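Secondary and tertiary structure notes
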Amino acid sequence: MRGTATSLVLLLFLLILPGGLAVAAPDSAGDLPVTGEATFPFEEAFAEEAPLKVWDPIEPVNRGIFWFNDKLYFYLLKPVARGLRVVPEPARVSVGNFFDNLAAPVRFANKLLQFKLNDASDELARFVFNSTFGIAGLFDIAKEQGGVSRKEEDFGQTLGHYGTGAGFYLVLPLFGPSNPRDVVGRVGDYFLDPLPYALNNWELIGARAVDKENDLSLDKDTYEGIKRDELDPYLFIRDAYAQRRQAQINK
Amino acid sequence: MRNGLRFQKFCIQFTVAALLVMAAGNTMAAEPLTQVRSTVDEVLTLLRNKSLPHEERRQQLTAVIRPAFDFEIMSQWVLGPNWRKASPAERQRFIDLFTDLLEATYIGKIEAYTDERVEFTGQKLEGERAEVETLVKTASADIPIRYKVFRRGERWLVYDVVIEEVSLVRNYRNTYGEIVRKEGFPGLFARMEEKIREFKASKAAS
């Protein structure tokens, strides 16, 4: 009897340890020297951060479009966003919530396509609560009251989930960093989105423009920061995009 | 029946004991989070203190950040294969420049969130390494920032900052590698010096 109890406790340990805030994985101890000379046993310890190779065969073209987007940002998009900042922040947050809520069907469909059923039911619950109690999505009460935050999911991620490679790096005019997989993803999302069916082309472009400019007005000058800090902003954004997409897909 | 009850009692006792042991383990391990928290809090306090003269604030920020980060290890890893090709003088030169640059970059990135709330949401321990998870709560979004640390003696030193799933060090490794390949070390150093000059100029201006 005691044997059973002990093994039960052991089992309990084994079940809990790999989960949340666990302790000591035996294999990784000793990778990093605690003291002494900093030579090069580090390569192994940092193996998980293996550099991400981004295939960029049309770099000169991409850099050209990057330059164009840079000008577009500083001479058109950003001034408009700065103008929007006269609107009080809470109102702009609500506008952002409204558009995020409208995009719920896209996220829901992609969660279903990946058989992430828990995420899909969360998405559905968020949509129902925020559309009703959150007054047509203006308030994200599912997050504020229910603690269920929005989780991004798009068709590019769905394709990645099923093993589609990113392909080469591609900078799109206006839209920015992308790749063939995510271009197909954009097209897929367009068809999963109810908005294009409800609006005519100009209304759709207007809605998208308001959404993006509103987001940009809430952004804390991320692009300016990258331009200020980085030796080569083009490379930084290229590699950051690849890293971020990969992390989103792996989630 | 009696046996069953005794068995249950055993299970409960052992579970409680197990939980206690785990709780004790966790308090001992709270170290990385506590250390990163105190660094981040100090940095934010300094950034929020607008009455401090600029030069003095910069010096105090340096005094907080330098001992908390391991710029030497970061430098080695960022240069990767190029580290081995570099002469000792070039290595030292790189460490110095990289330290200045990364410090300024980190301050710049966290400065944007000076007015926001930073929550410390947890830590993951893995032997000599750990990850401290933070969440910057802005009005419109929660931005996850993770600090990767490893133990060196008594202290946990930061060797990477991961902002929204983008590891800074991993990104630098690519960028710097590419610049060294195209322009060699002289080109890289020139670019880094140029950036540092820009930082100093903008800091003096503001």
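So, here's what we can say about the structure. (Residues numbered from 1 in each chain as written. Chains lettered and ligands numbered in written order. Predicted model: local features only at pLDDT ≥ 70, side-chain atom pairs only at ≥ 80, totals over all residues.)

Right, let's talk about the packing of helix H4 (residues 71-79) of chain B against helix H6 (residues 88-111) of chain B for a bit. What describes two packed helices is the angle between their axes and the distance between those same axes. Residues and elements named next belong to chain B. Viewed as axis vectors pointing N to C, H4 and H6 meet at an angle of 105 degrees, and their least axial separation amounts to 9 Å. With respect to each other, H4 and H6 are oriented roughly perpendicular. In this structure, H4 contributes Phe 71, Glu 72, Met 74, Ser 75, Val 78 and Leu 79 to the contact, and H6 contributes Phe 94, Ile 95, Phe 98, Thr 99 and Leu 102. Among the residues forming the contact of H4 with H6, the class breakdown is eight nonpolar, two polar and one charged. (Axes fitted to C-alpha atoms, helices over the stretch in contact; angles between N-to-C directions. Helix = DSSP H or I, 4+ residues; strand = E, 2+ residues; numbered from the N terminus. Parallel < 35°, antiparallel > 145°, perpendicular 65-115°, else oblique. Contact = placed C-beta atoms within 7 Å. Nonpolar A, V, L, I, M, F, W, Y, C, P; charged D, E, K, R; others polar.)

Residues and elements named next belong to chain B. Strand order in the open sheet formed by five strands is E1-E2-E3-E4-E5, and the pairing between neighbours is antiparallel. On the outer flanks of this sheet lie strand E1 (117-126) and strand E5 (166-167), each paired with one strand and no other. Contacting E1, strand E2 (129-137), strand E3 (142-152) and strand E4 (155-163), helix H2 (residues 31-48) runs over the sheet at an angle of about 150 degrees to E1. (Pairing = 2+ DSSP bridges.)

Turning to the pairing of E4 of chain B, a few remarks are in order. Across a regular strand the side chains alternate sides, sitting on one face of the sheet and then on the other. All names here are of chain B. In terms of burial, E4 is a largely internal element, seven of the nine residues being buried. The sheet contact formed by E3 and E4 spans eight bridges and is antiparallel. Along E4, the bridge assignment pairs Val 149 with Val 158. The turn linking E3 back onto E4 is made up of two residues, and Gly 153 within it adopts a positive phi angle of 65 degrees. Across two bridges, E4 lies against E5 in antiparallel orientation. When the sheet's bridge partners are listed, Ile 163 is paired in E5 with Val 166. Between E4 and E5, which pair antiparallel in sequence order, lie two residues; one of them, Glu 164, sits at a positive phi of approximately 50 degrees. (Buried ≥ 20, exposed ≤ 12 C-beta atoms within 10 Å, placed from the backbone.)

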